[in-house]
Amino acid sequence: MYDIGIIGGGTAGLTAAIYGQRAGKKTIVFEGTNFGGQIASSPEVENYPGIAKISGAELSMKLMEQAVNLGAETVMEQVTGVRDSNGMKVIETAGTDYACKSLILAAGVTHRHLGLEREEQLVGSGVSYCATCDGMFFRGRDVAVIGGGNTALQDAAFLANYCNKVYLVHRRDEFRGEAGLVEMLRKRENVEFVLSAVPKAIVGEHMVEGLILTNQKTKEDFQLDVNGIFVAIGHAPKNELFAELVELDEAGFIKAGEDCLTKTPGVFAAGDCRTKEVRQLTTAAADGAVAALAAVKYLQK
Ligand code: NAP
C-alpha cells in the first residue's frame, strides 16, 4: 500500500515524488518508456532557473537520483489501467496491481504525427520524432525538420551539426519559436528555411527518399530530396486510460486548474497532461510540487 502513486516519470512526476517523500509519504512512480520524459531528449536546457545550461539527459538523471535518494520507488512498466476501488486508487500493470491512497496523473504528452500515408510505416526508416535520438544516423545526409516551434528550431540546429543540409519546413512564414533561435539558424550555412509549406506526401516505399510539399501561397507542389524527416509539430495528450476516472477536455487534456485537483477526490493531475496555458519545464515542476502537497493534504483528512 502506497500513500501516493504517480503515473509518469517526467519532470512533473519526479518533482511530485521528491515533494511526497520529503513530506514523509510512501511514494511510487511508474514510467513506461524513459524517466525524465520529454526533457530527456532535449540537447540543451537553458531556461531552468538557477542552471544556466544543462543537457536534458543530465537534468533528467539528476531529478531521478534526487527522487530515488529520498526513498521514492520507481517502476519501469507500462500502466495498463487505473481504477477507484472504494476510494482506494489501484494502478494496474501487466503483472501487478498496486494500491495507493492517492494518485497523481503526470503522464505528459506524446509526439503529434503529420498523418501522412506511410508515416507510421517509415518510423525508423527515415521518419523520426526525436532529432537527438536519431540525428547521428543522418550524418552527411539531407534532412527536413517540420515545425515552427522551439523544438523544431532546436532540432534543426542540432541536425545542422551532422547533416549535409537541413531544410526547416514551416506551414506559415513566421516562426512560433524564439526569435534568437531563428536568427542563430539564419546564420547556419547548411540550414534553409522552407516557409508557407505543408507536407503532402512522403516519397519512398521502404526508406524515405523525399518529401512532397505544397506551397501555401501558390498551391504548387514541390519536392525536397531528403533521407530524413524529423517531425516536430508539437504534442498531444495520452490520457485515454484515465477517461473513466477524471474529466478530459475536447483535446484530451485532464480538466484540472492550477491547484491540480481533478473531479475525483484523491486524484490529481500535474504537468503537460492537464489543461493549462504554459507547458514548460518550470511549470511541470511547479505542478509536481502543487499536486504532491495537495495529495499530502488529502491524506491528512
Ligand atoms: P509548439 O510550440 O506547439 O510548435 C508546434 C509547431 O508545429 C508550430 O509551429 C505549428 O505551426 C506546427 N504544426 C502543428 N501542427 C502542424 C501540422 N499538422 N503540420 C505542420 N506544422 C504543424 O511545439 P514545440 O515546438 O514542441 O514546443 C512545445 C512547448 O515546449 C513550447 O512552449 C516550447 O516553447 C517549449 N519548448 C521549450 C524548449 C526550451 O526552451 N528548452 C525547447 C523545446 C520546446 P503554427 O505555428 O502554425 O501553429
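Report follows, based on the coordinates. (Residues numbered from 1 in each chain as written. Predicted model: local features only at pLDDT ≥ 70, side-chain atom pairs only at ≥ 80, totals over all residues. Heavy atoms only, no water.)

For the rest of this paragraph, the subject is the sheet that holds strand β14 (residues 221-224). The pairing of strands in a sheet happens through backbone hydrogen bonds and is either parallel or antiparallel. Spatially, the 3 strands line up as an open sheet ordered β12-β13-β14, and their pairing is antiparallel. On the outer flanks of this sheet lie β12 (197-203) and β14, each paired with one strand and no other. Sheet twist, expressed as the average angle between the axes of neighbouring strands with direction ignored, equals 30 degrees. Judged from the 4 bridges that link them, strand β13 (residues 210-215) and β14 form a sheet pairing that is antiparallel. Within the sheet, the bridge partner assigned to leucine 211 lies in β14 and is leucine 224. (Pairing = 2+ DSSP bridges. Helix = DSSP H or I, 4+ residues; strand = E, 2+ residues; numbered from the N terminus. Axes fitted to C-alpha atoms, helices over the stretch in contact; angles between N-to-C directions.)

Taken together, 18 residues form the shell around the ligand, and within it Asn47, Thr151, Arg171, Arg172 and Arg176 come nearest. The separation between an oxygen atom of the ligand and a polar main-chain atom of glycine 149 is 3.4 Å. Here the ligand loses 77% of its free accessible area of 920 Å² to cover by the protein chains. Top contributing element to the shell around the ligand by residue count: helix α4 (residues 150-159), with 3 residues. (Near = heavy atom within 4 Å. Polar contact = N/O pair within 3.5 Å; in protein donor to acceptor, adjacent residues only side chain to side chain. Areas by Shrake-Rupley, 256 points an atom, 1.4 Å probe, with all protein chains shown as cover.)

In this section: the side chain of serine 128. Mapped onto the elements of the fold, serine 128 is located in strand β8 (residues 127-128). With a relative accessible area of 3%, serine 128 lands in the buried category. (Buried < 20%, exposed > 50% of the residue type's maximum accessible area, 1.4 Å probe, protein only.)

Turning next to the state of the cysteines. By definition, a disulfide links the sulfur atoms of two cysteines through a covalent bond. Tallied over the full model, the rule gives 1 disulfide. For cysteine 130, the disulfide goes to cysteine 133, at an S-S distance of 2.0 Å. Note on the cysteine 130 and cysteine 133 pair: the S-S dihedral is about 70 degrees, so by sign convention the disulfide is right-handed. The exposure class of cysteine 130 is buried, given its relative accessible area of 12%. You can see cysteine 100 has no disulfide; the closest cysteine sulfur is in cysteine 273, sitting 16 Å from it. The class of cysteine 100 is buried, set by a relative accessible area of 0%. Cysteine 260 takes part in no disulfide bond, and the closest cysteine sulfur to it belongs to cysteine 273, at a distance of 8.8 Å. (Disulfide = S-S within 2.5 Å.)

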